[in-house]
Amino acid sequence: MPQGEPLSYQEAMSLVLTESPELAAARAKLAADRVTIRREQVEWVPDIVAEGGAGYNFEAKETTATAGVSIELPVFDRNQGTIRQAQLDYRRQQEEIRRTELMLQQQMANVYQQYLTALQIATEYDRVIIPEAELAYQELLESYKANRVDWPTVLDAQMDYFESRLTRVQHLEQVRTNEVLVGGYLLHGGLMTAPGPTPPGHIDAVAKPR
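Residues numbered from 1 in each chain as written. Predicted model: local features only at pLDDT ≥ 70, side-chain atom pairs only at ≥ 80, totals over all residues. Heavy atoms only, no water.

> Which residues make up helix H3 (residues 80-145), and what values do they have?
For H3, which comprises 66 residues, the first-to-last C-alpha distance of 94 Å matches the rise-based estimate of 98 Å (1.5 Å per residue) to within 8%. Along H3, the sharpest change in direction is near 50° and occurs at tyrosine 125. Just beyond H3, the residue with positive phi is asparagine 147, at close to 60°. (Helix = DSSP H or I, 4+ residues; strand = E, 2+ residues; numbered from the N terminus. Expected span 1.5 Å × (residues − 1). Bend = angle between axes of the 7 residues up to and from the residue.)

> For a nonpolar patch on the surface, give the residues involved together with the corresponding values.
A cluster of nonpolar side chains, contributed by Tyr144, Trp151 and Leu155, occupies part of the molecular surface with about 260 Å² of accessible area. With respect to the secondary-structure elements, tryptophan 151 resides in helix H4 (residues 151-183). You can call tryptophan 151 partly exposed: its relative accessible area is 36%. (Patch = residues over 30% accessible without salt bridge, like charges linked within 9 Å, V, L, I, M, F, W, Y side chains within 5 Å. Areas by Shrake-Rupley, 256 points an atom, 1.4 Å probe, with all protein chains shown as cover. Salt bridge = Lys/Arg side-chain N within 4 Å of Asp/Glu carboxyl O. Buried < 20%, exposed > 50% of the residue type's maximum accessible area, 1.4 Å probe, protein only.)

> Go over the packing of aromatic side chains with me, naming the residues and quoting the values.
As enumerated under the stated definition, the model contains 5 aromatic pairs in all. Following the ring pairs from residue to residue traces out a cluster consisting of Tyr9, Tyr112 and Tyr115. (Phe/Tyr/Trp six-rings, centres within 6.5 Å; stacked < 30°, edge-to-face > 60°.)

> Summarise the packing of helix H2 (residues 21-42) against H3; cite the residues concerned and give the values.
Viewed as axis vectors pointing N to C, H2 and H3 meet at an angle of 170°, and their least axial separation amounts to 9 Å. Considering their axes alone, H2 and H3 lie roughly antiparallel with respect to each other. In this structure, the crossing between H2 and H3 has a hand that is left-handed. Looking at the contact of H2 with H3, its residues break down into 10 nonpolar, 7 polar and 8 charged. (Axes fitted to C-alpha atoms, helices over the stretch in contact; angles between N-to-C directions. Parallel < 35°, antiparallel > 145°, perpendicular 65-115°, else oblique. Left-handed = near helix turned anticlockwise from the far one by under 90°. Nonpolar A, V, L, I, M, F, W, Y, C, P; charged D, E, K, R; others polar.)

> Let's hear about the pattern of salt bridges: which residues, and what values?
Overall, the coordinates contain 10 salt bridges when judged by the stated rule. Among the salt bridges present, the one from arginine 99 reaches glutamate 96, with a minimum N-O distance of 2.7 Å. Taken as a pair, arginine 99 and glutamate 96 lie in helix H3 at a separation of 3 residues, close to a single helical turn. Here glutamate 96 falls in the partly exposed class, since its relative accessible area comes to 28%. Overlapping salt bridges, with partners in common, bring together Arg27, Arg98 and Glu101 in one network.

> Tell me what's going on with the nonpolar core, and back it up with residues and numbers.
In terms of nonpolar packing, the biggest core is built from 16 residues, with Val16, Ile97, Leu104, Met108, Val111, Val182 and Leu186 touching the most fellow members. Contributions of two or more residues to this core are made by helix H1 (9-19), H2, H3 and H4. For this core, the element with the highest residue contribution is H3, accounting for 6 residues. Those residues in contact with leucine 186 that lie beyond four places of it in its chain are Val16, Leu104, Gln107, Met108, Val111 and Leu181. One finds Tyr125, Ile130, Leu141 and Tyr161 within the second-largest nonpolar core, a separate group that totals 8 residues. (Core = buried A, V, L, I, M, F, W, Y, C linked by side-chain atoms within 4.5 Å. Contact = heavy atoms within 4.5 Å.)

As structure tokens, then:
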């Protein structure tokens, strides 16, 4: 049986909502989207471009130098479309965090229910079912030795006893499996395929030359 008191549902839920790597990644993405908005808001500011170079005038047979300064004035294109797209990405990521929180809450509720049910059944087998099955088997075995029952009856009782012990082990396995899921932030399936590519509407999916 598990050591100590059963896991607290409130503590388990609090742990997964504060320490989950899935939520940490989603929150980090939100911070990156916030920076992207700021970058796009300032990137339209005119850039000063300085150019220089050296050449040779074959007619005058002398070395020449050129220099120039230009400034880009975005009179019509102030990057409004990209800024809007970055803002929408930020809002979408806010909703993604909320979706992830709700998904984790639902998963935790299911896993905890399975954990608690398996623990209660395993405890009942430990406390009542296995001791009674063992006692019935021992009594029938003694009755067989006294020629009061047939051997098949003893075998049936022995089978019931062994099956009850096996069932207890199976429920303890479920207890431990769900215990690990709860303590491990509900992470499982380490060999699952990676998430899909960037969605078509995302700012990173649309190339815009700078």
